[in-house]
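# Overview (structure and organization)
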Amino acid sequence: MKNALRVALVGAAGRMGQTIIAVANSESVEIISKLDQGDQIASAGADVLIDFSQPDVGNAVCEAGLKANTPLVIGTTGHSLEQRKAIESAAKKLPIVFASNFSVGVNALFWLTEQAARVLGDGFDLEIVEMHHRLKKDAPSGTARTLAEILQRERKTTQLRYGREGIVGERDPSEIGVHAIRGGDVVGEHTVIFAGSGERLELTHRAASRETFARGALRAAHWVKGERPGLYDMRDVLGLK
Ligand code: NAD
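### Section: the overall build of the chain
On a plain count of helices and strands, the chain comes out with seven helices and 11 strands. For 241 residues, the compact-globule estimate of 2.2 N^0.38 gives 18 Å, and the C-alpha radius of gyration of the chain, at 19 Å, lies within 12% of that figure. The principal-axis extent of the C-alpha atoms belonging to the chain is close to 60 × 35 × 30 Å. Counting only residues that meet the buried cut, the chain has 48% of its 241 residues in that class.

### Details of the pattern of salt bridges
Throughout the structure, instances matching the rule amount to 17 salt bridges. Arg161 is the salt-bridge partner of Glu175, the closest N and O atoms lying 3.4 Å from each other. With Glu175 in the loop between β7 (160-162) and β8 (176-182) and Arg161 in strand β7, the pair connects residues that are 14 residues apart, well separated along the chain. Classification of Arg161 as partly exposed rests on a relative accessible area of 25%. Taking the shortest distance from any N to any O, the salt bridge between Arg164 and Glu175 comes out at 2.9 Å. Taken together, the residues span a long stretch of sequence, with Arg164 in the loop between β7 and β8 and Glu175 in the loop between β7 and β8 at a distance of 11 residues.

### What to know about the sheet that holds strand β4 (residues 72-74)
Backbone-to-backbone hydrogen bonds join strands into a sheet, with any given pair of strands oriented parallel or antiparallel. Pairing is parallel in the open sheet, where six strands are placed in the order β2-β1-β3-β4-β5-β11. Whereas interior strands pair on both sides, the edge strands pair on one side only; in this sheet they are β2 (29-35) and β11 (230-232). Sheet twist, expressed as the average angle between the axes of neighbouring strands with direction ignored, equals 20 degrees. Bridging between β4 and strand β5 (residues 95-98) involves three bridges; their strand directions are parallel.

### Side note on the layout of surface pockets
Considered as a void within the structure, the largest pocket measures approximately 1,000 Å³ in volume. Broken down by secondary-structure element, the contributors of at least two residues to the lining of the largest pocket are α1 (15-24), α5 (142-155), β9 (188-195) and β10 (200-207). Partitioning the lining of the largest pocket into residue classes produces 15 nonpolar, 20 polar and eight charged. Each of domain 1 (5-102 + 210-238) and domain 2 (104-207) contributes no fewer than three residues to the lining of the largest pocket. Estimates place the volume of the second largest pocket at around 580 Å³. Together, 28 residues line the second largest pocket, and Arg84, Phe98, Ser100, Thr146 and Glu149 are the ones closest to its centre. Where the lining of the second largest pocket is concerned, the elements lending two or more residues are α3 (81-90), α4 (104-120), α5, β11 and α7 (234-237).

### Side note on helix α2 (residues 58-68)
Taken as a whole, α2 has its buried residues at Gly58, Val61, Cys62, Ala64 and Gly65. Seen end-on, α2 carries its buried residues on one side only, within an arc spanning 160 degrees. Seen from the open side of α2, the exposed residues pointing more than 90 degrees away from its buried face are Glu63 and Lys67. Looking at the packing, one finds that the buried side of α2 touches β1 (5-10), β3 (48-51), β4 and α3. Just downstream of α2 lies Asn69, where phi reads positive at about 55 degrees.

### Focus on the domain arrangement of the chain
The assigned domain composition of the chain is domain 1 (5-102 + 210-238) and domain 2 (104-207). Domain 1 and domain 2 are separated by 26 Å when their C-alpha centres are compared. Between domain 1 and domain 2, the contact holds 14 residues from the first and 16 residues from the second. For the pair domain 1 and domain 2, the summed buried area comes to about 1,300 Å², and 48% of that belongs to carbon and sulfur atoms. Looking at the side of domain 1 facing domain 2, the largest losses of area belong to Arg15, Asn101 and Arg235, adding up to 38% of the total buried there. Here domain 1 and domain 2 share one salt bridge between them. Taken together, the connections running from domain 1 to domain 2 amount to six residue pairs in polar contact (both at pLDDT 80 or more). Where the side of domain 1 that touches domain 2 is concerned, the elements lending two or more residues are α6 (211-224) and α7. Residue contributions to the side of domain 1 that touches domain 2 peak at three residues, all from α6.

Cut-off values and rules
- Residues numbered from 1 in each chain as written.
- Predicted model: local features only at pLDDT ≥ 70, side-chain atom pairs only at ≥ 80, totals over all residues.
- Heavy atoms only, no water.
- Helix = DSSP H or I, 4+ residues; strand = E, 2+ residues; numbered from the N terminus.
- Rg over C-alpha atoms; globule rule 2.2 N^0.38 Å.
- Buried < 20%, exposed > 50% of the residue type's maximum accessible area, 1.4 Å probe, protein only.
- Salt bridge = Lys/Arg side-chain N within 4 Å of Asp/Glu carboxyl O.
- Pairing = 2+ DSSP bridges.
- Axes fitted to C-alpha atoms, helices over the stretch in contact; angles between N-to-C directions.
- 1 Å grid on protein atoms, 1.4 Å probe; cavity = no way out; pocket = protein on both sides within 12 Å on 5 of 7 lines; lining within 4 Å.
- Points joined across faces, edges and corners; volume = space filled by probe spheres on them.
- Nonpolar A, V, L, I, M, F, W, Y, C, P; charged D, E, K, R; others polar.
- Domains from an automatic or database assignment.
- Arc of directions from axis to C-beta.
- Contact = heavy atoms within 4.5 Å.
- Buried area = accessible area lost by both parts, 1.4 Å probe.
- Polar contact = N/O pair within 3.5 Å; in protein donor to acceptor, adjacent residues only side chain to side chain.

Rendered as structure tokens:
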């Protein structure tokens, strides 16, 4: 393919990896290296290194990017604080798009959540509910974590409540509930609930196909190639910031 973006892909045999390979051609991307478990992660010759694998692969992805000076797109979710720090540190030398969700709709949901929290104020109780397929390994989803971070920032609270069981007492107005449902083949659903007295607002996004994430990740790969070092997310790519 002439003038295609050359991409090395980590997690190539996975659900997201396979979807990215399937749509690459139509997004002017050539996957020059398909890496999965057992392969040495390297990005020589690639314009961008994309990672959709698992969190403990993050360090090797950053090292490969730093070694060959290759921009990164990281879609993997569930990183520990320490694993995130390694990504933040690599972003001092490399442009990195690190996004919990590459769909345009979910990034609109992030924006709407921020606006709704501002408009509705403290009188509304905040709960996040997400549902994913039975094979998903991390919980809550990276997207639910991003939604929680947005609400925490707007409400100036750090208190997250993951599920409830037993005599939990009355709801603390400053807490943000986060609930993960697993089952079937659900690609990804997120609802943010703003529950007030006498009224309730719900913002819901439903992904019906992984293609939306794959196309978003490839759009991010085209964008990140010419960027300066730094940590970016999909809102930077979409110009929503
Ligand atoms: P999956 O389990 O189907 O695929 C993961 C792949 O990574 C597997 O093929 C596995 O063999 C491979 N892998 C494991 N260890 C490896 C290693 N050391 N080196 C190279 N490859 C390795 O999972 P999935 O559904 O494709 O999701 C992958 C990740 O992407 C998850 O963290 C998921 O939460 C995340 N995800 C993010 C978005 C987004 O928009 N950001 C969307 C969907 C999924």
